[in-house]
Amino acid sequence: MSIAENIQSIRSRMAAAAEKAGRDPRDILLVGASKMNDAAACRAAIAAGIDALGENRVQEMTAKLAENAYDGAPLHFIGHLQRNKVRQVVGRAALIHSVGSLELLEEIDRRAAKLELVQDVLLEVNIGGEESKSGFAPEELYAAADRARAFSSVRVRGLMTIPPVERTPHGNLPFFARVSELYVDIGRNLYDNTFVYLSMGMSDDFEDAIAAGATMVRVGSAIFGQRHYQ
Ligand SMILES: *Cc1c(COP(=O)(O)O)cnc(C)c1O
């Protein structure tokens, strides 16, 4: 199957999941997680109408930017971001999905202010409480989202989560549902109608994420094929 065929098939599964949940399929964006795939693969996904491409690693993103890999689609940063790499991402990524601490948010704000731009970000929620993952704990998220409003050069557009590795079919549904509740609560009480992105769901579980309210799914291997780690 080609990248274009894979995207078409994911789009129809997304639409079916949306309709089953009584939602409009047009409200859900498909972000291609293009890590470890080259510029040609990125271009093929853009030609097939992907809504955005998401990169995980700053070095890889920078190299592919130099090859114009993302021309024609918004570039998102979806991986763990270290504070000392912030300057390489701010102003280049249209949306940073993975802001998991106020210190990181502050650094992004400082850099964006220097560039005289406003950086769109999502707050990452560590919904499984896993030590290996970054992100705000669910119980600290509301207060963090409240404090984030004070930064003038970042704009929080929503939430992102990566739940624990699924062990049983639909095992992540309760995590998705919980993040969806936090998203609705924070959007209603703290933000205006620019708080619109709920980024959750990957190749194996994007339909469940859509059932729970995702407005953005991040799909890698189901579009680009299995990644081969060295
Ligand atoms: C790689 C990655 C994805 C996509 O994972 P697949 O299982 O290949 O669909 C989604 N989100 C993040 C943050 C990723 O790193």
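Above this text sits the structure in question.
Since the model is a prediction, treat every value here as computed from it, not as a measurement.

Rules and cut-offs
- Residues numbered from 1 in each chain as written.
- Predicted model: local features only at pLDDT ≥ 70, side-chain atom pairs only at ≥ 80, totals over all residues.
- Heavy atoms only, no water.
- Helix = DSSP H or I, 4+ residues; strand = E, 2+ residues; numbered from the N terminus.
- Rg over C-alpha atoms; globule rule 2.2 N^0.38 Å.
- Buried < 20%, exposed > 50% of the residue type's maximum accessible area, 1.4 Å probe, protein only.
- Contact = heavy atoms within 4.5 Å.
- Areas by Shrake-Rupley, 256 points an atom, 1.4 Å probe, with all protein chains shown as cover.
- Lys, Arg positive; Asp, Glu negative; His and termini not counted.
- Charge placed at Lys NZ, Arg CZ, Asp CG, Glu CD.
- Pairing = 2+ DSSP bridges.
- Near = heavy atom within 4 Å.
- Nonpolar A, V, L, I, M, F, W, Y, C, P; charged D, E, K, R; others polar.
- Axes fitted to C-alpha atoms, helices over the stretch in contact; angles between N-to-C directions.
- Parallel < 35°, antiparallel > 145°, perpendicular 65-115°, else oblique.
- Left-handed = near helix turned anticlockwise from the far one by under 90°.
- Salt bridge = Lys/Arg side-chain N within 4 Å of Asp/Glu carboxyl O.
- Expected span 1.5 Å × (residues − 1).
- Core = buried A, V, L, I, M, F, W, Y, C linked by side-chain atoms within 4.5 Å.
- Right-handed = clockwise from strand over helix to strand, strands pointing away.

## A few points about the overall build of the chain
Reasoning step 1: Scanning the chain from N- to C-terminus turns up eight helices and eight strands.
Reasoning step 2: Taken against the 2.2 N^0.38 rule, which gives 17 Å for 230 residues, the C-alpha radius of gyration of the chain at 17 Å falls within 12% of a compact globule.
Reasoning step 3: With respect to the three principal axes, the spread of C-alpha positions in the chain is 45 × 40 × 35 Å.
Reasoning step 4: For the chain, with 230 residues in total, the buried portion stands at 50%.
Reasoning step 5: Pairs at least 24 residues apart make up 59% of the contacts formed inside the chain by residues separated by at least 6 positions.
Reasoning step 6: For the chain, the accessible surface area stands at approximately 11,200 Å², while carbon and sulfur atoms represent 48% of it.
Reasoning step 7: Separation between the mean location of the 26 positive side-chain charges and that of the 30 negative ones in the chain comes to 3 Å.

## Overview of the pairing of strand β8 (residues 216-219)
Reasoning step 1: On β8, burial covers both faces: Met-216 and Arg-218 on one face and Val-217 and Val-219 on the other are all buried.
Reasoning step 2: Looking at chain direction, strand β1 (residues 29-33) and β8 are connected through four bridges and run parallel. In the sheet register, Val-31 faces β8, and the bridge partner there is Arg-218.

## Some thoughts on the site of the ligand
Reasoning step 1: Around the ligand sit Ala-33, Lys-35, Asn-56, Ile-78, Ile-162, Met-202, Ser-203, Arg-218, Val-219, Gly-220, Ser-221 and Arg-227, and those are all the residues in its vicinity.
Reasoning step 2: For the ligand, whose accessible area on its own is 390 Å², the fraction buried by protein is 89%.
Reasoning step 3: Taken together, the residues that form the shell around the ligand break down as five nonpolar, four polar and three charged.

## Concerning the packing of helix α5 (residues 138-148) against helix α6 (residues 173-190)
Reasoning step 1: α6 packs onto α5 with a crossing angle of 25 degrees between their chain directions and a minimal axis gap of 11 Å. With respect to α6, the element α5 is oriented roughly parallel. In the packing of α5 onto α6, the handedness of the crossing is right-handed. In this structure, α5 contributes Pro-138, Leu-141, Tyr-142, Ala-145 and Asp-146 to the contact, and α6 contributes Leu-182, Asp-185, Ile-186, Asn-189 and Leu-190.
Reasoning step 2: Its residues placed into classes, the contact of α5 with α6 shows seven nonpolar, one polar and two charged.

## As for the pattern of salt bridges
Reasoning step 1: Applying the stated criterion across every chain, the model contains twelve salt bridges.
Reasoning step 2: Across the pair Lys-64 and Glu-60 runs a salt bridge whose closest N-O atoms are separated by 2.9 Å. On the criterion of helical spacing, the pair formed by Lys-64 and Glu-60 is a turn pair, its members being four residues apart in helix α3 (residues 58-66).
Reasoning step 3: Note that Lys-133 and Glu-130 form a salt bridge whose closest N and O atoms lie 2.7 Å from each other.
Reasoning step 4: In this structure, a network of salt bridges that share partners links the residues Glu-55, Glu-60 and Lys-64.

## A look at helix α4 (residues 102-114)
Reasoning step 1: With 13 residues, α4 should reach 18 Å at 1.5 Å per residue; the first-to-last C-alpha distance of 18 Å fits that figure.
Reasoning step 2: Taken together, the buried positions of α4 are occupied by Leu-102, Leu-104, Leu-105, Glu-107, Ile-108, Asp-109, Arg-111 and Ala-112.
Reasoning step 3: Looking at the buried side of α4, the elements it contacts are β4 (95-99), β5 (119-125), α5 and β6 (154-161).
Reasoning step 4: Just downstream of α4, Glu-116 is the residue with a positive phi angle, here 55 degrees.

## Quick notes on the nonpolar core
Reasoning step 1: Grouped together as the largest cluster of nonpolar side chains are 66 residues, with contacts concentrated most on Ile-96, Ile-108 and Leu-159.
Reasoning step 2: If we ignore the near neighbours within four places in the chain, the residues touching Leu-159 are Leu-122, Leu-123, Val-125, Leu-141, Val-179, Leu-182, Tyr-183, Phe-195, Tyr-197, Leu-198 and Ser-199.
Reasoning step 3: Within the second largest apolar cluster, six residues are counted, among which are Ala-52, Leu-122, Met-160 and Met-216.

## A few points about the pairing of β5
Reasoning step 1: Within β5, seven of the seven residues are buried, leaving the element largely enclosed by the surrounding structure.
Reasoning step 2: The pairing of β4 with β5 spans three bridges and is parallel. If you follow Ile-96 over to β5, its bridge partner there is Val-121.
Reasoning step 3: Read as a crossover between parallel neighbours, the route from β4 over α4 to β5 is right-handed.
Reasoning step 4: Across seven bridges, β5 lies against β6 in parallel orientation. Within β6, the residue paired with Asp-120 across the bridge is Arg-155.
Reasoning step 5: Note on the crossover from β5 through α5 to β6: the handedness is right-handed.

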